[in-house]
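Each chain is listed here by its residues.
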Amino acid sequence: YNEGKIAMETIASVYNRDSYIIRPFNVYGTNYRKDDTRLMPMLKRAILNNDPMPFFAQEGVLGTSLNSERNFCHILDFMLGTLGYAFFSSDPNSPVNVGSSEDSIKVYSLIEKAEKMFNTKVNLKRVEEHYGQSVLYRKPNIDKIKACINWKPMISLDSGLKSFIEGKQKHE
């Protein structure tokens, strides 16, 4: 993933094409695949279907550990930021982060929040395997998009999480 991202940014700049390089950070919302293994879709399935919620034993090395810290951005906020930047920025070919720099939360706290919100208990399942790289802490610097188009996310994690979990998916 990282190599692909860097390659595309390099190609856009080397061939001198006007390209808006958007870097999404922990975007969540509707229309995930039924078998998506990212955190938010797994949490939704754990809350609604009592599916086991895997977490990884190696703290912060690979996979999602319960102590990983994330900042989540609702898809509607992401789309407004992305479209606003594409239409109003005068700085193509310069990468911009689109995400939330607020509402930083540890994975275990996110799970607890969802459990309280829906009055249920998530079935946590410790696993040794991992399916990708992760870091303990991810927080985008969104100063550039704030300065360029005066954008910041408007949907709080609480309201976004509630609407995401309650919302219907296309495949449901």
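**Describing helix α4 (residues 107-118)**
Compared with an ideal rise of 1.5 Å per residue, which puts 12 residues at 16 Å, α4 spans 17 Å between its outermost C-alpha atoms and is within 8% of the ideal. Those residues of α4 that fall on the buried side of the exposure criterion are Val107, Leu110, Ile111, Ala114 and Glu115. Down the axis of α4, the smallest arc covering the buried residues is 140 degrees, so these residues share one side. Where the residues of α4 are buried, they touch α2 (39-49), β3 (53-56), β7 (105-106), β8 (124-127) and α6 (157-166). At the exit of α4 stands asparagine 119, carrying a positive phi of roughly 50 degrees.

**Observations concerning the confidence of the model for the protein**
Considering every residue of the protein, the mean pLDDT works out to 83; 85% of them sit at 70 or more. The element-level mean pLDDT for the protein is lowest in helix α1 (residues 2-14), coming to 75, with strand β5 (residues 73-74) highest at 96.

**Some details on the nonpolar core**
In terms of nonpolar packing, the biggest core is built from 22 residues, with Met40, Leu43, Met53, Phe72 and Leu110 touching the most fellow members. Elements that contribute at least two residues to this core include exactly α2, β3, α4 and α6. Here the element with the most residues in this core is α2; it accounts for six residues. In this view, leucine 43 contacts Met53, Leu110, Ile111, Ala114, Val122 and Leu161; residues no more than four positions away in its chain are not counted. In this structure, Cys73, Tyr85, Val96 and Ile142 belong to the second largest nonpolar core, which totals nine residues.

**So, α6**
Restricting attention to buried positions, one finds in α6 the residues Leu157, Gly160, Leu161, Phe164 and Ile165. Down the axis of α6, the buried set is contained in an arc of 120 degrees. They therefore lie on one face. Against β2 (27-28), α2, β5, β7 and α4 lie the buried residues of α6.

Cut-off values and rules
Residues numbered from 1 in each chain as written. Predicted model: local features only at pLDDT ≥ 70, side-chain atom pairs only at ≥ 80, totals over all residues. Heavy atoms only, no water. Helix = DSSP H or I, 4+ residues; strand = E, 2+ residues; numbered from the N terminus. Expected span 1.5 Å × (residues − 1). Buried < 20%, exposed > 50% of the residue type's maximum accessible area, 1.4 Å probe, protein only. Arc of directions from axis to C-beta. Contact = heavy atoms within 4.5 Å. pLDDT = per-residue confidence, 0-100. Core = buried A, V, L, I, M, F, W, Y, C linked by side-chain atoms within 4.5 Å.

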